[in-house]
Amino acid sequence: MRTRRPWATYSLTAGIAFWTVMAFGGSVGLASSPDGSAMGFDTAWLQDTPFSDYLLPGVILGLLGVGGAAATGLLVRGLRAPGRRGRRQGAPSAWQWYFALIVVLGQFGWIAGEVVLMWTVVSTLPSDQRTFFYGFWWVFGVLSTANLLLAFAPSTRRILGAAGAAGPSLR
């Protein structure tokens, strides 16, 4: 008998982990120098946003990184021991899937908000900077969308214990 591999869950784990590492890097750069100098940003770029400097965006990005790290840990835990857990020995509960869903929604919301809030300013930047932002938004927009879709995959819902998730166990 062939073992079914939860590729959607592996992909989601890798996607959230990558997003998390990048969020931690970005949060350090933004929060450590709120004037944007550590990342080569200008506070004038924030003119049409609710932020006057990069401190609060850095803190929010750091919180998304912490949430992503926790979600990655839950996914790895679920992938490593799905057949060895009984209901009394650390079986997943629905809150784990809801937590992962909140994390991917937060990541998706971050990149969507960044595009919406920064589009006008970025469109006026020199070509090299504009190309960087557009490329960054494209990559993280696709990654965030993929993570959001993968969170609803049957294997992910089963491994994280989502309510109503049915299917065979991964023994």
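Everything below is about the structure shown above.
Residues numbered from 1 in each chain as written. Predicted model: local features only at pLDDT ≥ 70, side-chain atom pairs only at ≥ 80, totals over all residues. Heavy atoms only, no water.

(A) The overall build of the chain, seen in detail. Along the chain, the regular secondary structure elements total 5 helices and 0 strands. For the chain, the sequential pattern of α-helices and β-strands runs α-α-α-α-α. Within the chain, buried positions represent 41% of all 171 residues. Long-range pairs, those at least 24 residues apart, make up 71% of the contacts in the chain with a sequence separation of at least 6. When the accessible surface of the chain is summed, it comes to about 9500 Å², and 66% of that surface belongs to carbon and sulfur atoms. (Helix = DSSP H or I, 4+ residues; strand = E, 2+ residues; numbered from the N terminus. Buried < 20%, exposed > 50% of the residue type's maximum accessible area, 1.4 Å probe, protein only. Contact = heavy atoms within 4.5 Å. Areas by Shrake-Rupley, 256 points an atom, 1.4 Å probe, with all protein chains shown as cover.)

(B) Representation of the nonpolar core. Of all hydrophobic cores here, the largest spans 19 residues; its most connected members are W19, W45 and F133. Sorting the residues of this core by element identifies α1 (7-32), α2 (55-80), α3 (94-123) and α4 (127-150) as the ones contributing at least two each. With residues near it in sequence (within four places) discarded, W45 still touches G40, Y54, M118, V121, L125, Q129 and F133. Of all hydrophobic cores here, the second largest spans 14 residues; its members include A100, L101, V103 and L160. (Core = buried A, V, L, I, M, F, W, Y, C linked by side-chain atoms within 4.5 Å.)

(C) Main features of the side chain of S144. Residue position: S144 is located in helix α4. The exposure class assigned to S144 is buried, which follows from its relative accessible area of 0%.

(D) Structural detail: the packing of α1 against α3. At a minimum axis separation of 12 Å, α1 and α3 run at an interaxial angle of 50 degrees. Judged by the angle between their axes, α1 and α3 are oblique. Between α1 and α3 lies a crossing of left-handed hand. Here L12, I16, W19 and T20 of α1 lie close against α3, whose contacting residues are V104, Q107 and W110. In terms of residue class, the contact of α1 with α3 is made up of 5 nonpolar, 2 polar and no charged. (Axes fitted to C-alpha atoms, helices over the stretch in contact; angles between N-to-C directions. Parallel < 35°, antiparallel > 145°, perpendicular 65-115°, else oblique. Left-handed = near helix turned anticlockwise from the far one by under 90°. Nonpolar A, V, L, I, M, F, W, Y, C, P; charged D, E, K, R; others polar.)

(E) Inspection of the packing of α3 against α4 at higher detail. Between α3 and α4, the least distance of the axes is 9 Å, while the angle of their chain directions is 155 degrees. One finds that α3 runs roughly antiparallel with respect to α4. Considering only the axes of α3 and α4, their crossing is left-handed. Between α3, through L101, V104, L105, Q107, F108, I111, E114, V115, M118, W119, V122 and S123, and α4, the contact on the second element is made entirely by R130, F133, Y134, F136, W137, F140, G141, S144, T145, N147 and L148. A breakdown of the residues in the contact of α3 with α4 according to their chemical character gives 15 nonpolar, 6 polar and 2 charged.

(F) Layout of the packing of aromatic side chains. Applying the stated criterion across every chain, the model contains 16 aromatic pairs. Ring centres of F18 and F140 lie 5.8 Å apart, and the angle between their planes is 15 degrees; on these two criteria the pair is classed as stacked. Of this pair, F18 sits in helix α1 while F140 sits in helix α4; the two residues are 122 residues apart in sequence, bridging distant segments of the chain. Overall, F18 belongs to the partly exposed group, its relative accessible area being 43%. A relative accessible area of 5% means that F140 is categorised as buried. Between the aromatic rings of W119 and W137, the centroid separation amounts to 5.8 Å while the plane-to-plane angle is 25 degrees, which identifies the pairing as stacked. Note that W119 is positioned in helix α3 and W137 in helix α4, a separation of 18 residues in sequence. (Phe/Tyr/Trp six-rings, centres within 6.5 Å; stacked < 30°, edge-to-face > 60°.)

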